[in-house]
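Each chain is listed here by its residues.
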Amino acid sequence: MRMLLNAFFPLEPFSTLVREGTAGKVINEIMEAIKPEAAYFVEQQGSRCAVLVVNLKDPSQLPAIAEPLFLKLNARCEFHPAMLPEDLAKADLENLGRRWR
């Protein structure tokens, strides 16, 4: 299942990694391990944040994605199921609408 992952990085340890010049190395190491379909680095809610698109074959893969972020960056992670337009087309919204009027 495709998931949208918002990973919020607190000031520490990320600021220390930036000062030491190792933030890029740590981020690259994590991205190589997670292998997201897409990765964006943004500000959200006043914090540094990564917005990643990851595709899971099984829910048991969640720890392998979240733990590097938790352990290396002290990140707070939010996972949200995400659909492509063709996924939404399979949802049969017309019948759901008729059933739940």
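Predicted model only: the values in this text are computed from it and were never measured.

Phe-9, Leu-69 and Leu-73 are the most contacted members of the largest nonpolar core, which totals 21 residues. Of all the secondary-structure elements, those providing two or more residues to this core are strand E1 (2-9), helix H1 (11-20), helix H2 (23-34), strand E3 (47-55) and helix H3 (62-73).

It is worth spelling out the pattern of salt bridges at this point. Taken as a whole and judged by the stated rule, the model has three salt bridges. Arg-19 is the salt-bridge partner of Glu-12, the closest N and O atoms lying 3.6 Å from each other.

Among the residues of H1, those classed as buried are Phe-14, Ser-15 and Leu-17. Angularly, the buried residues of H1 cover 160° about the axis, an arc narrow enough to put them on a single face. In H1, the exposed residues that point more than 90 degrees away from the buried face are Arg-19 and Glu-20. For H1, the secondary structure elements touched by its buried residues are E1, H2, E3 and H3. Of the residues one or two after H1, Gly-21 is the one with positive phi, at around 80°.

As a further point, take a nonpolar patch on the surface. Judged by side-chain polarity, Met-83, Leu-88, Leu-93, Leu-96 and Trp-100 come together as a nonpolar surface patch covering roughly 550 Å² of accessible area. Here Trp-100 is to be found in the segment after helix H5 (93-99).

Looking now at H3. The terminal C-alpha atoms of H3 lie 17 Å apart, and with 12 residues this matches the ideal 16 Å at 1.5 Å per residue to within 8%. The set of residues buried in H3 consists of Ile-65, Ala-66, Pro-68, Leu-69 and Leu-73. Buried residues of H3, viewed axially, fall in a sector of 155°; they line one side. Away from the buried face of H3 by more than 90 degrees, exposed residues Ala-64 and Leu-71 are located.

Another aspect to go through is the packing of aromatic side chains. Counted according to the given criterion, the structure contains one aromatic pair. Both rings, one in Phe-9 and one in Phe-14, keep their centres 5.3 Å apart while their planes meet at 5°; by these two values the pair is stacked. This pair shows no difference in class: Phe-9 is buried, exactly as Phe-14 is. The cationic tip of Arg-76 hangs over the ring face of Phe-8; the distance from NZ or CZ to the ring centre is 4.2 Å.

Spatially, four strands are ordered E2-E3-E1-E4 in an open sheet, and the strand pairing comes out antiparallel. Each edge of the open sheet is held by one strand with a lone partner, namely strand E2 (38-44) and strand E4 (76-81). Mean inter-strand twist for the sheet, computed between neighbouring axes without regard to direction, equals 20°. Bridge analysis of E1 against E4 gives six bridges, and the strand direction is antiparallel. Pairing of Phe-8 across the sheet is with Arg-76, part of E4. Running at roughly 95° to E3, H1 makes contact with E1 and E3 of the sheet.

Thresholds applied
Residues numbered from 1 in each chain as written. Predicted model: local features only at pLDDT ≥ 70, side-chain atom pairs only at ≥ 80, totals over all residues. Heavy atoms only, no water. Core = buried A, V, L, I, M, F, W, Y, C linked by side-chain atoms within 4.5 Å. Buried < 20%, exposed > 50% of the residue type's maximum accessible area, 1.4 Å probe, protein only. Helix = DSSP H or I, 4+ residues; strand = E, 2+ residues; numbered from the N terminus. Salt bridge = Lys/Arg side-chain N within 4 Å of Asp/Glu carboxyl O. Arc of directions from axis to C-beta. Contact = heavy atoms within 4.5 Å. Patch = residues over 30% accessible without salt bridge, like charges linked within 9 Å, V, L, I, M, F, W, Y side chains within 5 Å. Areas by Shrake-Rupley, 256 points an atom, 1.4 Å probe, with all protein chains shown as cover. Expected span 1.5 Å × (residues − 1). Phe/Tyr/Trp six-rings, centres within 6.5 Å; stacked < 30°, edge-to-face > 60°. Lys NZ or Arg CZ within 6 Å of the ring centre and 35° of its normal. Pairing = 2+ DSSP bridges. Axes fitted to C-alpha atoms, helices over the stretch in contact; angles between N-to-C directions.

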